[in-house]
Amino acid sequence: MAAPRPAGDRHLRARLLGLGLCATLIGVMALSLHLGAAGASDVLGVLAAKAGLGVADPRDSLIIWNIRLPRMVTAALVGAALAVSGTVMQGLFRNPLADPGLVGVSAGAGLGAVAAIVLGGLLPVALLGPASAGLTPVAAFLGGWLSTFVLYRIATQGGRTSVATLLLAGIALGALTGALTGVLVYRASDSQLRDLTFWNMGSVAGASWAKLVVAAPVILAGLCLAPALARGLDAVSLGEAVAVHLGVDPQRLKRRAIVLVAATVGASVALTGGIGFVGIVVPHLLRLVQGPAHRFLLPNAALLGAITLLLADCLSRVVIAPAELPIGIVTAALGGPFFLWILLRNRALVDV
Amino acid sequence: MSRKLRAAVLALVSVALVCVRAAQAQEPARILPVGDAATEFVFALGAGDQVVARDSTSRFPPEVLSLPDIGYMRQLSPEGVLSVTPDLILLQAGAGPPETLQQLRATGLPLVTLEGGFDPAQVLDNIRLIGAALGRAPQADALARSQQAVFAQLADMVAQGPHPRVMFVLSDQAGRLNVAGAGTGADGILRLAGAENVMADAYTGYRLVSDEAILQAAPDIVVMLDHTGRPEMDAPAADLWRNAALAGTPAGQRQALVRIAPAALAFGPRTAEMAAHLRHDLLAAAAPQ
């Protein structure tokens, strides 16, 4: 293991890294607005026109304002949410392989979405009206919340949440949600099956302002509240007993962390479907570079998560244009080998 | 040339020009058909050279393969569609997702949606619908009438019987057969070819079936797709007959297998012809050897 650096040195490094990530994020956002299959060059003109300065070509305006901009915001928010949730889970479980899926939010969201796709047709359309398009995301959000809540209730006894029970119950509930999903998949028609497959691969192509208005406040609230967990997560990393001596209530921390993850990841999955690997890779990568202090880890994870998903989205648009790859394929295809490479290079550092 | 003649020629030319202009104004110059049947209809109506791109399901006629591919018809991205600057989009039933269609509608682009369904009436309706959208109503009318005649001829032939009992196998996944029930393109083409789909009463859509269900259905003939040009996708017949349940059916005992082109499931302009072809193959396979 490398010689531990003085904390001040590390903090400076983390701050500089944060600045670098901010600059990169701005650059990648500009790239994301600029890049696309359809020709629309006048990005600034459209933005100026929306601010009331001058007029823009309606076609450009549509492509940039209604297609690329909501897509950019969605990718950035979801990337940040997944990375921050991953960081929180890894800190809470003191396990570098923990990810938001551990508390059941992904499996539950998946079940909700599958139920909406397969059974949605049974609901009277007149009852739902225009809301029927939002059925899948809402069901995904509720499914994620519900399964997280059930899991948490199971693992909590007399006000104490056992991490081991949480993990084991998570496996059991995962099997159960998997079985229910399987029943629905078996019942699904041919075209529903194809919808399911694509939903599971994740995509930001369906982004719209209407969806963002509903989901973005939840994600933003989660991102803003996450830094408040930093001190508690640092303390817990020394063990729960030590944390109590440091004045941190581990039960309260667990409760808040799980609510935060369920909310942000539930909303993210509802927006884009399942996107893997960002939640594991991003915090891991940052910890190798800047150490484990959550005060810096959480904001930098939000930035790097946003950058990662924006870049993945840019790739997904370009590789087979004018067609598009589902973004979950890109994050897994790039994230997997990259993660392995990091692990092999830094074996000594991650040996726990 | 006399003055009068010159004036007449000029007048004629300008009238012709105006006519051409008018025709051009009606006919969309850049067509994007989404879905294999939609694409085939556009080509059958003679507007193939106006097609600017294709989706990944459109593989016929062969010249579409050189066009840009905007992706899978159920998973279109708005920007991908806009990037080929269509001025008419023809959507086969099932094209989507709804969010993309909504955004495309917001651009003011004309979107024409074909009806789904697997019977001759649907084919004729779709021909006329596309003909109207392309400004080619007379051609569409002619095509619809000739198709109707072929369908009628086929129906006469079918009415005389026989009606072989057929199981359509979409795929053979390690010995588990995915077969076509009611409400599928496969069921539609079997019906047109005068066959009885042995799974139509049991299932809707494509389903993995148990060995016992296969034995009980007891088909005389098995029909599978023939992925012309993609041999890696053709499940080998030998594997199929190794399925113990299938081997116990009349079809298995005679190893009666008929293959049809994947396009037969699409219900495009070649449907009648393909159904007639399938009928011929089925009768040949049903004849005692």
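Residues numbered from 1 in each chain as written. Chains lettered and ligands numbered in written order. Predicted model: local features only at pLDDT ≥ 70, side-chain atom pairs only at ≥ 80, totals over all residues. Heavy atoms only, no water.

**Here we look at a nonpolar patch on the surface**
Inference 1: A contiguous nonpolar patch, built from A:Leu146, A:Phe149, A:Val150 and A:Ile154 and spanning about 380 Å² of accessible area, is present on the exposed surface.
Inference 2: Topologically, A:Val150 is positioned in helix H6 (residues 135-155). (Patch = residues over 30% accessible without salt bridge, like charges linked within 9 Å, V, L, I, M, F, W, Y side chains within 5 Å. Areas by Shrake-Rupley, 256 points an atom, 1.4 Å probe, with all protein chains shown as cover. Salt bridge = Lys/Arg side-chain N within 4 Å of Asp/Glu carboxyl O. Helix = DSSP H or I, 4+ residues; strand = E, 2+ residues; numbered from the N terminus.)

**Here's the deal with helix H5 (residues 120-134) of chain B**
In an α-helix, one full turn covers 3.6 residues, which means residues spaced three or four apart are oriented alike.
Residues and elements named next belong to chain B.
Inference 1: Between the first and last C-alpha of H5 there are 21 Å, a value that for 15 residues agrees with the 21 Å anticipated at 1.5 Å per step.
Inference 2: Taken residue by residue, H5 has Gln 122, Val 123, Leu 124, Asn 126, Ile 127, Ile 130, Gly 131, Ala 133 and Leu 134 as its buried positions.
Inference 3: Where H5 is buried, its residues meet strand S1 (31-34), helix H2 (36-44), strand S2 (88-91), strand S3 (111-113), helix H6 (137-159) and helix H12 (271-286).
Inference 4: Positioned one or two residues after H5, Gly 135 has a phi angle of 70°, which is positive. (Expected span 1.5 Å × (residues − 1). Buried < 20%, exposed > 50% of the residue type's maximum accessible area, 1.4 Å probe, protein only. Contact = heavy atoms within 4.5 Å.)

**Some details on the environment of B:Ile260**
Residues and elements named next belong to chain B.
Inference 1: One can find Ile 260 in strand S9 (residues 257-260).
Inference 2: Put simply, Ile 260 and Ala 93 are 167 residues apart on the chain and 22 Å apart in space, counted from C-alpha to C-alpha.
Inference 3: When sequence neighbours within four positions are dropped, the list of residues in contact with Ile 260 reads Phe 168, Ile 189, Val 223, Met 224, Leu 225, Asp 226, Leu 265 and Leu 278.

**Description of the environment of B:Leu143**
All names here are of chain B.
Inference 1: Note on placement: Leu 143 falls in helix H6.
Inference 2: Residue Leu 143 is classed as buried on the basis of its relative accessible area of 16%.
Inference 3: Expressed as a C-alpha distance, the spacing of Leu 143 and Ala 44, which sit 99 residues apart in the sequence, is 8.1 Å.

**Let's talk about the interface of chain B and chain A**
Inference 1: The interface of chain B with chain A comprises 22 residues on the first partner and 27 residues on the second.
Inference 2: Carbon and sulfur atoms make up 56% of the surface buried where chain B meets chain A, a total of about 2,100 Å² over both sides.
Inference 3: Run the count over chain B and chain A and you get three salt bridges.
Inference 4: Residues B:Glu99 and A:Lys211 are paired through a salt bridge, measuring 3.1 Å at the closest nitrogen-oxygen approach.
Inference 5: For the pair chain B and chain A, the interface holds twelve residue pairs in polar contact (both at pLDDT 80 or more).
Inference 6: Broken down by secondary-structure element, the contributors of at least two residues to the side of chain B that touches chain A are helix H3 (78-83), helix H4 (98-106) and strand S7 (206-208) of chain B.
Inference 7: The element that contributes the greatest number of residues to the side of chain B that touches chain A is H3(B), accounting for five residues. (Buried area = accessible area lost by both parts, 1.4 Å probe. Polar contact = N/O pair within 3.5 Å; in protein donor to acceptor, adjacent residues only side chain to side chain.)

**A closer look at the pattern of salt bridges**
Inference 1: According to the stated counting rule, one finds 15 salt bridges over all chains in the structure shown.
Inference 2: When the shortest N-O distance is used, the salt bridge between A:Arg317 and A:Asp313 registers 3.1 Å. Here the residue A:Arg317 and the residue A:Asp313 both occupy positions in helix H14 (residues 294-318), the gap between them amounting to four residues, near one helical turn.
Inference 3: On the basis of relative accessibility, which here comes to 0%, the residue A:Asp313 falls in the buried class.
Inference 4: A salt bridge links B:Arg270 to B:Glu40; the shortest N-O distance between them is 2.7 Å. Highlighted residues: B:Arg270 in the loop between S9 and H12 and B:Glu40 in helix H2, separated in sequence by 230 residues.
Inference 5: For B:Glu40, a relative accessible area of 6% translates into the label buried.

Read these as layout, nothing more, since geometry by itself doesn't imply function.
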